[in-house]
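Each chain is listed here by its residues.
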Amino acid sequence: MQKYIASIDIGTTSTRCMIFDENAKIVASSHRKNRLIYPKPGWVEQDPYEILENVRTVISDAIKISKSERGSIIAIGITNQRETVVAWNKENGIPFYNAISWQDTRTKDICNDLEKEGYGDLIKNKTGLSLNTYFSAPKIKWLLENVEKFKDAVEKEQAYVGNVDSWIIYNLTGKAFATDYTNASRTMLMNIRKLDWDQELLNLFKIPDYILPEIFPSSNDTFFGFTSTESPFKENIPISGVMGDQQASLLGQACTEPGMVKNTYGTGSFILMNTGNQPLYSKHGMLTTVAFGKNNKDVTYALEGSIAYTGSTLEWLKNNLGILENVDESEVIAEKIKTSDGVYIVPAFSGLYAPYWDMDATGLIIGLTAFTKKEHIIYAALESTCYQTRDVIEAMEKDSGKKIMELRVDGGGSKNNYLMQLQANILGVNIIRSEIIETTSLGVALAAGMALDYFKGDLRKYYAVEKIFKPEMPRELREKNYRLWKKAVERSKKWKKI
């Protein structure tokens with residue numbers, strides 16, 4: 001009987017299940033859209049039950065497509081949107097509140113107060129993260145201060161809180177409560193050198209450790225738990241791999257050597273550089289994060305630049321402005337018009353993330369003339385993805401002292417050929433698109449399989465290149481356009497304080 005690895009990928013806007021064979025080839029795939037909820041300006045939530053139901057559905061569908069038999073799926077990997085927080089009753093699994101998304105900015109005052117009190121450096125030294133609404137700890141603090149049922153349950157030691165990975169593990173296994181190094185490193189509560197919850201930070205945010213999951217290596221041969229017979233798998237299968245989606249992508253892109261870099265183009269964009277077995281602390285606005293851990297002695301770190309709005313900028317043009325019928329047509333429009341005609345979009349809808357970390361920045365469209373058409377704005381939205389990526393890449397080069405010669409890409413946005421050529425032009429380096437676009441799913445499948453020695457040796461043998469995009473834009477034009485982008489970014493900064 002053929003043995004398989006199942007990979008569950010819970011992203012911001014979609015959930016999928018993929019089943020891989022021993023050569024890391026896709027046997028089956030199923031996906032469903034996730035809904036985002038916007039109760040107030042700056043608030044972004046999701047329904048935990050909907051996330052769970054989508055997970056159950058894609059598992060069942062993928063199993064049917066693959067015609068897997070009992071015993072043929074030998075391990076499971078889970079990868080997920082990071083920083084998004086779910087709180088639930090530990091006994092009955094009922095959520096106390098909607099999941100608070102990583103994009104949510106309601107905790108701005110909490111972060112500002114801590115910054116004013118001088119805790120920014122302490123947090124960065126212990127966690128590698130900037131004090132920002134992006135991360136989990138301020139969201140948990142907000143829940144404790146604003147959701148009475150949760151607060152009461154915490155006092156009675158009847159509550160759990162975690163990122164989406166922990167919520168799904170709990171429900172698939174029947175109450176196992178666990179997370180991995182990569183997800184824990186995004187909470188702003190884990191000491192990235194000690195690889196455990198930091199008591200000083202827990203005290204700072206007034207979060208008791210007993211409501212948090214146990215932390216394990218990403219590839220875990222002692223397992224995060226076993227699926228219950230009531231799960232869609234209908235049997236006890238070990239969950240042996242868990243990773244945040246961007247770290248899983250780094251592994252799936254076979255960026256196994258220091259200096260290798262990948263970018264995932266999804267709702268946002270996330271650029272990670274492998275920095276080896278020691279954390280490299282940024283002086284240029286990057287985050288320091290755990291990239292992968294097989295055991296306590298085998299941990300890889302990364303620099304990360306997180307961009308909140310890239311693919312979701314196109315969704316904004318479609319849903320809010322109504323100038324796109326569907327996101328995919330942006331490629332056709334860009335190919336036809338070939339210019340933004342001097343229009344720039346800075347999509348700082350949740351402030352600016354890396355390398356600026358400005359919670360008071362707001363979005364802008366600048367460079368408009370009487371000649372400007374909707375097509376120019378659509379083109380500018382694509383360019384904004386590429387410019388934000390360059391901002392991050394240049395910061396990484398300064399921090400690491402290494403010139404980045406290529407960028408490996410994946411995610412839904414990387415299917416847009418025009419966008420990828422534009423990225424090559426704006427960066428001035430080769431863009432390498434992998435054969436498997438969903439490398440987050442592949443990465444956590446590799447992590448799950450490695451725990452069982454199902455996948456062995458050099459991971460590069462499981463990676464294949466689909467296409468290389470080479471820069472074609474003259475250097476002078478590239479630099480001129482980028483200077484104008486930087487001017488536009490300066491206009492958007494601190495807007496809420498004006």
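What you see is a predicted model, and the numbers here were worked out from it, not measured in a lab. (Residues numbered from 1 in each chain as written. Predicted model: local features only at pLDDT ≥ 70, side-chain atom pairs only at ≥ 80, totals over all residues. Heavy atoms only, no water.)

> Got a minute to help me understand the side chain of Ser 166 in this structure?
Within the fold, Ser 166 resides in helix H6 (residues 164-173). With a relative accessible area of 1%, Ser 166 lands in the buried category. Within the local environment of Ser 166, its side chain forms a polar contact with the backbone oxygen of Ala 178, the two atoms lying 2.8 Å apart. If near-sequence neighbours (up to four positions away) are discounted, Ser 166 is found in contact with Trp 88, Phe 177, Ala 178, Thr 179 and Pro 213. (Helix = DSSP H or I, 4+ residues; strand = E, 2+ residues; numbered from the N terminus. Buried < 20%, exposed > 50% of the residue type's maximum accessible area, 1.4 Å probe, protein only. Polar contact = N/O pair within 3.5 Å; in protein donor to acceptor, adjacent residues only side chain to side chain. Contact = heavy atoms within 4.5 Å.)

> I'm lost on the packing of aromatic side chains in this one. Help?
Aromatic ring pairs are reported here in terms of the distance separating the ring centres and the angle at which the planes meet. Taken as a whole, this structure holds 26 aromatic pairs when the rule is applied. Judged by centre distance (5.7 Å) and plane angle (80°), the rings of Phe 216 and Phe 224 are edge-to-face. For Phe 216, a relative accessible area of 17% corresponds to the buried category. You can call Phe 224 buried: its relative accessible area is 4%. When the centroid spacing of 5.5 Å and the interplanar angle of 20° are considered together, the rings of Tyr 353 and Trp 357 count as stacked. The exposure class of Trp 357 is buried, given its relative accessible area of 16%. The structure contains a cluster of three or more aromatic residues connected by ring pairs, namely Trp 102, Tyr 134, Phe 135, Phe 270, Tyr 353 and Trp 357. Its end group placed over the ring of Tyr 482, Arg 390 keeps NZ or CZ at 3.9 Å from the ring centre. (Phe/Tyr/Trp six-rings, centres within 6.5 Å; stacked < 30°, edge-to-face > 60°. Lys NZ or Arg CZ within 6 Å of the ring centre and 35° of its normal.)

> Any chance you could explain the packing of helix H12 (residues 374-400) against helix H13 (residues 417-427) here in plain terms?
When two helices pack together, you describe them by how their axes are tilted relative to each other and by the distance separating the axes. Contact geometry of H12 with H13 gives a least axis separation of 9 Å together with a crossing angle of 45°. Regarding the angle of H12 to H13, the classification is oblique. Every pair of crossing elements has a handedness; the one defined by H12 and H13 is right-handed. Side by side, H12 and H13 meet where Tyr 379, Leu 382, Glu 383, Thr 385, Cys 386, Tyr 387, Thr 389, Arg 390 and Ile 393 of the first sit next to Tyr 418, Leu 419, Leu 422, Gln 423, Ile 426 and Leu 427 of the second. Within the contact of H12 with H13, the residues separate by chemical class into 10 nonpolar, 3 polar and 2 charged. (Axes fitted to C-alpha atoms, helices over the stretch in contact; angles between N-to-C directions. Parallel < 35°, antiparallel > 145°, perpendicular 65-115°, else oblique. Left-handed = near helix turned anticlockwise from the far one by under 90°. Nonpolar A, V, L, I, M, F, W, Y, C, P; charged D, E, K, R; others polar.)

> What is the right way to look at H12 in this model?
Since there are 3.6 residues in each turn of an α-helix, residues three or four apart along the chain are aligned in direction. A rise of 1.5 Å per residue sets the reference length of H12, with its 27 residues, at 39 Å; its end C-alpha atoms lie 40 Å apart and thus fit the reference within 8%. For H12, a buried count of 23 out of 27 residues is recorded, marking the element as mostly surrounded by other parts of the structure. Just downstream of H12, Gly 401 is the residue with a positive phi angle, here 70°. (Expected span 1.5 Å × (residues − 1).)

Fair warning: the whole summary comes from geometry, so function is off the table for now.
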